[in-house]
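# Structural description and commentary
If you want the building blocks of each chain, they are given just below.
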Amino acid sequence: MSAFPDAVRNAWHLVALSRDLGPGQVRKVMLCDTPLALFRTADGVGALVDRCPHRNYPLSEGRLRDGALECPYHGWRFATDGTCVEVPGCALAAGDGQRLSAQALRVVERHGGIFVALSDKAPAEPPLPPDFGNPQLDHFWWQQGTWQGRAFDAVENVMDPFHTGHLHHGFIRRRDKRRKVQLVVASHGDSLAMTIHQDAPDHGIMSRVLERERTRSVSTYYPPCTVQARWEGEKRLTLCVTAIFTPATAGSFTPFARFSTPKGLAPGWLKQAAIRLFLDPVVAQDRRALAKQHAVMEHFGHPRFATGPGDLLGDRLYRLWKGERLEPGEDPPVAAEL
Ligand code: FES
Ligand SMILES: [Fe+2]
């Protein structure tokens, strides 16, 4: 049985950044426990299940030759659509190309990301969150390996503001100097948003350096694997971070983040350098925490979570992850100190 709900298996997933798959390159990626061979030819990107149809050699260990992926074992070659275009030493009969084809998946490239659909049930296009390709904004991508833990727990981590002052003490917020905030949770049927209203930026060093003003921030979960956080000042957006947690296996995921900021304030490269400076330590803290959490759940064989007074999202994230819809509506505001 798959460790993933149908809603996850049937979605589009970001599996790699375009910049990490140059012309003529082949890469192996894991997606929902399925190994894939990704490769780029002049025709575009191909995504084949990483199993040669002939004798099941891993195709990701092959190389590109004449615009097709060549299996290292007997040299069969496959086009981006999976068609077998060559069996060395033999002539292919009519129909052999299809009969001997590798299993090809739908793949599209959008805004510097390579998206793959494991299932025919995925929609025609990957749904993208707001501003993902907005030309009015500067964008840059961040990616750092595959992490230990469940993709779902990573979604919950970024939707949860209460760990930011504790685990990330000093960087984002401070546990000794909390700010009074109002938290408002809104269900939109197929997404869930938490808005944090506050009068001033957080006390952490990251906010003090990067933000001049802040009146609210909104984190929205777009199931199954995307969370977008938007920080807004009096008049406009100051920063938008789209985090995507692609399930690799039941116990690992590949995180991607896309940073979007309004053009004009500072050159894009400077904003990128400043964000990265603060991002690296914060990301390392989350990475360690998710790995430790996962090790404990593995030890006990399953997760078992208590719902505290700050866990305002309850089981709604999990219901969306499983493909359920939520009753639209807004919760009453909750006062807290973050
Ligand atoms: S196993 Fe791939 S060509 Fe034979
Ligand atoms: Fe965090």
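Now for a description of the structure that goes with this document. (Residues numbered from 1 in each chain as written. Chains lettered and ligands numbered in written order. Predicted model: local features only at pLDDT ≥ 70, side-chain atom pairs only at ≥ 80, totals over all residues. Heavy atoms only, no water.)

Bringing the sheet that holds strand β2 (residues 26-31) into the picture now. Across the sheet, three strands lie side by side as β2-β3-β4; this open sheet has antiparallel pairing. Only two strands of the sheet have a single partner each, and these edge strands are β2 and β4 (44-49). Along the sheet, successive strands turn relative to each other by an average axial angle of 30 degrees, direction set aside. Bridging between β2 and strand β3 (residues 34-41) involves six bridges; their strand directions are antiparallel. Considered in β3, the bridge of Arg27 is made with Leu38. (Pairing = 2+ DSSP bridges. Helix = DSSP H or I, 4+ residues; strand = E, 2+ residues; numbered from the N terminus. Axes fitted to C-alpha atoms, helices over the stretch in contact; angles between N-to-C directions.)

In this structure, His163 (NE2), His168 (NE2), Asp286 (OD) and Asp286 (OD) serve as the protein donors to the iron ion (ligand 2), at separations of 2.1 to 2.3 Å. Angles of 57 to 150 degrees at the metal separate the four donor atoms of the iron ion (ligand 2), which places the site in the irregular class. Each donor residue of the iron ion (ligand 2) lies on one chain, and together they are spaced H-x4-H-x117-D. Taken together, the residues His163 in the loop between α3 (151-159) and β13 (180-187) and Asp286 in helix α5 (residues 268-300) connect sequence positions 123 residues apart. (Donors = N, O, S within 2.8 Å, 3.2 Å for Na, K, Ca; no water. Tetrahedral: all angles 85-135°; square planar, octahedral: opposite > 155°, others 65-115°.)

The next thing to look at is unusual backbone geometry. Leaving glycine out, the prevailing phi sign among residues is negative, and the prevailing peptide bond configuration is trans. In this structure, the amide linkage connecting Pro223 to the following residue, Pro224, adopts the cis form with an omega of 5 degrees. Inspection of the secondary structure puts Pro224 in the loop between β15 (216-222) and β16 (226-232). One non-glycine residue, Asp66, lies in the positive phi region at around 50 degrees. Mapped onto the fold, Asp66 is located in the loop between β5 (63-65) and β6 (68-70). The phi dihedral of Asp131 is positive, around 65 degrees, even though this residue is not glycine. Assignment of secondary structure puts Asp131 in the loop between β10 (113-117) and β11 (137-143).

A separate point is α5. Over its 33 residues, α5 extends 46 Å from the first C-alpha to the last, a length consistent with the 48 Å expected when each residue adds 1.5 Å. Regarding α5, the residues found buried are Lys271, Ile275, Phe278, Leu279, Val282, Val283, Gln285, Asp286, Leu290, His294 and Met297. Immediately downstream of α5, the backbone of Gly301 shows phi near 90 degrees, a positive value. (Expected span 1.5 Å × (residues − 1). Buried < 20%, exposed > 50% of the residue type's maximum accessible area, 1.4 Å probe, protein only.)

To continue, consider the sheet that holds strand β1 (residues 12-17). Reading across the sheet, the three strands line up as β1-β10-β9 and stay open at both edges, with antiparallel pairing between neighbours. In the strand order of this sheet, the two ends are held by β1 and β9 (106-110), each with one partner. Mean inter-strand twist for the sheet, computed between neighbouring axes without regard to direction, equals 30 degrees. By the bridge criterion, five bridges tie β1 to β10 in an arrangement that is antiparallel. Within the sheet, the bridge partner assigned to Ala16 lies in β10 and is Ile114.

Another point: the environment of Asp199. By the element assignment, Asp199 lies in the loop between β14 (192-197) and α4 (205-210). With 64 residues separating them in the primary sequence, Asp199 and Lys263 have C-alpha atoms 25 Å apart.

A word on the packing of aromatic side chains. With the rule as written, the count across this model stands at eight aromatic pairs. Ring centres 5.7 Å apart and planes at 55 degrees place the aromatic pair Tyr57 and Tyr73 in the tilted group. Here Tyr57 is found in the loop between β4 and β5, whereas its partner Tyr73 is found in the loop between β6 and β7 (77-78), with 16 residues between them in sequence. Residue class for Tyr57 comes out partly exposed when judged on its relative accessible area of 29%. A centroid spacing of 5.7 Å and a plane angle of 75 degrees characterise the contact between Phe132 and Trp141, whose relative ring orientation is edge-to-face. With respect to class, Phe132 is no different from Trp141; both count as buried. A connected cluster of aromatic rings, assembled from ring pairs, spans Trp142, Trp147, Phe245 and Phe253. Here the basic side chain of Arg258 rests over the ring of Phe132, its NZ or CZ set 4.9 Å away from the ring centre. (Phe/Tyr/Trp six-rings, centres within 6.5 Å; stacked < 30°, edge-to-face > 60°. Lys NZ or Arg CZ within 6 Å of the ring centre and 35° of its normal.)

One finds Leu36, Leu38, Val116, Leu183, Tyr221, Phe259 and Trp321 to be the most contacted residues of the largest nonpolar core, which totals 53 residues. No other element matches the five residues that α3 contributes to this core. Both of domain 1 (6-117) and domain 2 (137-337) provide at least three residues apiece to this core. One finds Ala37, Leu48, Cys71 and Cys84 within the second-largest nonpolar core, a separate group that totals 13 residues. (Core = buried A, V, L, I, M, F, W, Y, C linked by side-chain atoms within 4.5 Å. Domains from an automatic or database assignment.)

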